[in-house]
Amino acid sequence: MNKLTTIGIDLAKNSFALVALSTTGKALWRKTLTRSRMLRFLAQQEPSHIAMEACAGAHYWGREIQQLGHRVSLLPPQHVKGYQRGQKNDYNDAAGIAEACQHGQIRPVRVKTLEEQDAQLFGQLRLQLSQEHTRLINQVRALLAEYGIAIRQGVTALYAAVPELLDDDANALTPRLRLLLNRQYQRLQALRTELAWYEQEVKRQAREDDVCCRLMEVPGIGPIVSGTLKHWMGDGQQFKRGRDASAALGLVPRQHSTGGHQLLLGISKCGNRAVRSQVVHGARAVVAQAGHKVDPLSQWINRLVATRGYNKAMVALANKLVRIAWIIVARGEHYQPKAAA
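Residues numbered from 1 in each chain as written. Predicted model: local features only at pLDDT ≥ 70, side-chain atom pairs only at ≥ 80, totals over all residues. Heavy atoms only, no water.

Per an unreviewed UniProt entry, the protein chain goes by the name IS110 family transposase and belongs to Marinobacterium rhizophilum.

Written out as structure tokens, the structure is:
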């Protein structure tokens, strides 16, 4: 009799497909369970390797299943797709997840704790507010341009110009446009107030967190980037070295090599886009000021700017920042400027 080792679960809202594979990859059984029955069923099974896609609700189920004594692996969905056989249905999806887990070459996503999920939600809501604020500013600027009113670029300029337009009775604004513009301006002010609270909360959390404090010792990493990197990286133990972390964030060259001919292209841009964007912006600020400094890291940046160009130097520094951040998070060290240079 084949010993049960792996159970693949295709998550959904209310109906879950489970497929069990033996050590040789033979399908032992398959079941469809409701949400209320799944944990009761898994509690009756011997300790097994449970595999799921890292999708909505996966971290909750991962925590609950771990408490039952099972080992849990959350696999990136884009890497699981190649293991699916036959037509798409719930059982084939669950079998593909179990097979991908048994293959062992896919780096699993670490199951997040409740605190880490709270932090991730905080970052997502802050990013959503910031994007909505930017979209509304662009919309107001475009609407005024349709009426022949041009406002110079910048958030401060728009916040100063709109009240003046509303108070000026001699301009060409119609009563209807004044009403709509005033309501949009009130939305902008509400978003600005909400964003200000998030900014204060980010700084407060960074000051009170030891890992964030050590990360902020690194040039280009402030309260926002430190919190983002920490929550994305977790304890860093899922990566063997810093380069693995930078590769997971898409800051290494993309390859298209064949027949012994090595062809390196631009960065791969895989992983979390928002995290990568913040790290690159932090690196841009450091590169912009490096020309006025003589410390070893700035000299390294200036050499790269002279030989490879500004943008490549910026991406190279972003890669270095992620590697340094991994050492600080995974090994509990402080930033060492000489070693970084």
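Asks: How should the overall build of the protein chain be read in this particular structure?
Replies: Within the protein chain, the regular secondary structure consists of 14 helices and 7 strands. A compact globule built from 341 residues should have a C-alpha radius of gyration of about 20 Å, whereas the protein chain, at 25 Å, is more than 25% larger. Counting only C-alpha atoms, the protein chain reaches 90 × 55 × 45 Å along its principal axes. The contacts of the protein chain with a sequence gap of at least 6 include a subset with a gap of at least 24, amounting to 51%. With an accessible surface of roughly 19,800 Å², the protein chain has 51% of that area assigned to carbon and sulfur atoms. (Helix = DSSP H or I, 4+ residues; strand = E, 2+ residues; numbered from the N terminus. Rg over C-alpha atoms; globule rule 2.2 N^0.38 Å. Contact = heavy atoms within 4.5 Å. Areas by Shrake-Rupley, 256 points an atom, 1.4 Å probe, with all protein chains shown as cover.)

Asks: I tried to follow a negative patch on the surface on my own but got confused; where do I start?
Replies: A surface patch of negative charge is lined by E164, D167, D168 and D169. By the secondary structure assignment, E164 is in helix α6 (residues 155–167). You can call E164 exposed: its relative accessible area is 56%. (Patch = residues over 30% accessible without salt bridge, like charges linked within 9 Å, V, L, I, M, F, W, Y side chains within 5 Å. Salt bridge = Lys/Arg side-chain N within 4 Å of Asp/Glu carboxyl O. Lys, Arg positive; Asp, Glu negative; His and termini not counted. Charge placed at Lys NZ, Arg CZ, Asp CG, Glu CD. Buried < 20%, exposed > 50% of the residue type's maximum accessible area, 1.4 Å probe, protein only.)

Asks: Is there a simple way to explain the UniProt feature "domain: Transposase IS110-like N-terminal" (unreviewed entry) in the protein chain in this structure?
Replies: In the numbering used here, UniProt assigns the "domain: Transposase IS110-like N-terminal" (unreviewed entry) feature to residues 7–147. The span residues 7–147 is 49% helical and 21% strand by assignment, and the distance between its end C-alpha atoms comes to 62 Å. (UniProt positions renumbered as here; feature names shortened; annotations may be inferred.)

Asks: When you look at the packing of helix α7 (residues 175–208) against helix α9 (residues 223–233) in this model, what are you seeing that I'm missing?
Replies: To describe two helices that pack against each other, one gives the angle between their axes and the distance between the axes. Relative orientation of the contacting elements α7 and α9 amounts to 70 degrees, with a least axis distance of 9 Å. It follows that α7 is roughly perpendicular to α9 by the angle criterion. Relative to α9, α7 is oriented so that their crossing is left-handed. Here E199, V202, K203 and A206 of α7 come into contact with α9, specifically with P223, I224 and S226. Among the residues making up the contact of α7 with α9, the classes are represented as 4 nonpolar, 1 polar and 2 charged. (Axes fitted to C-alpha atoms, helices over the stretch in contact; angles between N-to-C directions. Parallel < 35°, antiparallel > 145°, perpendicular 65-115°, else oblique. Left-handed = near helix turned anticlockwise from the far one by under 90°. Nonpolar A, V, L, I, M, F, W, Y, C, P; charged D, E, K, R; others polar.)

Asks: Looking at this structure, how should I read helix α1 (residues 35–43)?
Replies: Restricting attention to buried positions, one finds in α1 the residues M38, F41 and L42. Looking down the long axis of α1, one finds its buried residues gathered within 90 degrees of arc, a one-sided arrangement. Pointing more than 90 degrees away from the buried face of α1 are the exposed residues S36 and R40. (Arc of directions from axis to C-beta.)

Asks: I would appreciate a short explanation of the packing of helix α11 (residues 273–290) against helix α13 (residues 310–331) in the present structure.
Replies: The contact between α11 and α13 brings their axes to 8 Å, and the two run at 120 degrees. Classified by the interaxial angle, the pair formed by α11 and α13 is oblique. At the point where α11 passes α13, the crossing takes the right-handed sense. Side by side, α11 and α13 meet where V279, V280, A283, R284, V286, V287 and A288 of the first sit next to Y310, A313, M314, L317, A318, L321 and V322 of the second.

Asks: Sorry, what's going on with the nonpolar core here?
Replies: Note that soluble globular proteins tend to have their nonpolar side chains buried in a common cluster. In this structure, L215, V218, L229, V279, I301 and L317 are the most contacted members of the largest nonpolar core, which totals 34 residues. Counting residues per element, the ones that place at least two in this core are α8 (210–215), α9, α11, α12 (296–308) and α13. Residue contributions to this core peak at 11 residues, all from α13. Other than its neighbours up to four places away in sequence, L317 contacts A283, V286, V287, L297, W300 and I301. (Core = buried A, V, L, I, M, F, W, Y, C linked by side-chain atoms within 4.5 Å.)

Asks: Where do I start with the packing of aromatic side chains in this structure?
Replies: Two numbers describe a pair of aromatic rings. These are the distance of the centres and the angle of the planes. Summed over the entire model, instances satisfying the criterion amount to 8 aromatic pairs. Seen from their ring centres, W29 and F41 are 5.4 Å apart, and the 85 degrees between their planes marks the pair as edge-to-face. Linking W29 in strand β3 (residues 27–34) with F41 in helix α1, this pair joins segments that are 12 residues apart in sequence. Judged by its relative accessible area of 13%, F41 falls in the buried class. Among the aromatic residues, ring-to-ring pairing joins F16, Y60 and W61 into one connected group. In this structure, K320 packs its charged tip against the face of W300, placed 4.4 Å from the ring centre. (Phe/Tyr/Trp six-rings, centres within 6.5 Å; stacked < 30°, edge-to-face > 60°. Lys NZ or Arg CZ within 6 Å of the ring centre and 35° of its normal.)

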